[in-house]
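Secondary and tertiary structure notes
Each chain, written out:
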Amino acid sequence: MSGHFLTKKRLFLLVLTVIALVVLGYVTWSAAQVELPPEFTVGRERAAVLSGRIVEITAAVNERIKEANQNDLGGNPEVARALLQEARDRNYEAYRKAMELADELEAVAASLEDIRPGESQRLAYQAVSLELMLVQEYLAYTDSLNQFLDTLTRALGITEPTTRRAIDEAIAEVNQRGGTINRMNQLFVEKLQELDQSL
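Reference entry: report on the structure contained in this document. (Residues numbered from 1 in each chain as written. Predicted model: local features only at pLDDT ≥ 70, side-chain atom pairs only at ≥ 80, totals over all residues. Heavy atoms only, no water.)

Bringing the side chain of Thr58 into the picture now. Turning to its location among the elements, Thr58 is positioned in helix H2 (residues 38-73). Among the polar contacts listed, one links the side chain of Thr58 to the side chain of Tyr138, at a separation of 3.3 Å. Discounting residues that sit within four places of it in the chain, Thr58 has contacts with Tyr138, Tyr141 and Gly178. (Helix = DSSP H or I, 4+ residues; strand = E, 2+ residues; numbered from the N terminus. Polar contact = N/O pair within 3.5 Å; in protein donor to acceptor, adjacent residues only side chain to side chain. Contact = heavy atoms within 4.5 Å.)

Here it is, written out as structure tokens:
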């Protein structure tokens, strides 16, 4: 009977040890979990929405420019002029969104110090840095796009080959900058996904 008692005692100690290890593991695991400050979480969601909206508007502006060019080549300068004005209006809307995004990123950046140092904090800093570069790129893009739209509006109806080539090259540059903005936004989204996976 004493052998049986030792087995029960051993079993009891084994169960207690397992329970202690599970509790200790849970406490260690939960202490290691990184909590993101609410300002960061809310701000990053707003920033992602604004950033996505800027990309959508940029695509719409580029499409209007292409349509304006086609209408101008097709002999419809008044339709082209209206499309360029629409592109200018959309470009201004995107500029306002970029300024809103800059404000959001300022709030998000202020909350970064509240994230426990380590991989998550590093990824958060990278995501915010990418998005700040996107804002900077977009603000430069809107300025150069406005200048381009002014030039294009003045050139409506001109069919001289060198002018048309210059316009086509400028359109290609606008599209290239739009592509850069899209890539930067995609990198931002990927960084946020990496951050989520690191938590």
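Let's shift gears to the packing of aromatic side chains. Taken as a whole and judged by the stated rule, the model has 1 aromatic pair. Look at Tyr138 and Tyr141: their rings are 5.3 Å apart centre to centre, the planes differ by 45°, and that puts the pair in the tilted class. Linking Tyr138 with Tyr141, this pair stays in helix H4 (residues 119-155), spanning 3 residues, or about one helical turn. (Phe/Tyr/Trp six-rings, centres within 6.5 Å; stacked < 30°, edge-to-face > 60°.)

Phe40, Ile65, Leu101, Leu145 and Phe148 are the most contacted members of the largest nonpolar core, which has 44 residues in total. Of all elements in the fold, only H2, helix H3 (77-111), H4 and helix H5 (161-198) reach the threshold of two or more residues within this core. For this core, the leading source of residues is H4, giving 13 residues. Each residue touching Ile65, except ones within four places of it in the same chain, is listed here: Ala87, Leu145, Phe148, Leu149, Leu152, Ile171 and Val174. (Core = buried A, V, L, I, M, F, W, Y, C linked by side-chain atoms within 4.5 Å. Buried < 20%, exposed > 50% of the residue type's maximum accessible area, 1.4 Å probe, protein only.)

Here the structure, examined in full by the defined rule, presents 1 cavity of 30 Å³ or more. Taken together, Phe40, Arg44, Ala47, Leu105, Val108, Ala127, Val128, Phe188 and Leu192 make up the full set of residues lining the largest cavity. Secondary structure elements with two or more residues in the lining of the largest cavity: H2, H3, H4 and H5. When residues in the lining of the largest cavity are grouped by element, the largest group, 3 residues, is from H2. Residues of the lining of the largest cavity, tallied by class, amount to 8 nonpolar, no polar and 1 charged. (1 Å grid on protein atoms, 1.4 Å probe; cavity = no way out; pocket = protein on both sides within 12 Å on 5 of 7 lines; lining within 4 Å. Points joined across faces, edges and corners; volume = space filled by probe spheres on them. Nonpolar A, V, L, I, M, F, W, Y, C, P; charged D, E, K, R; others polar.)

Don't take any of this as a statement about function, it's just geometry.
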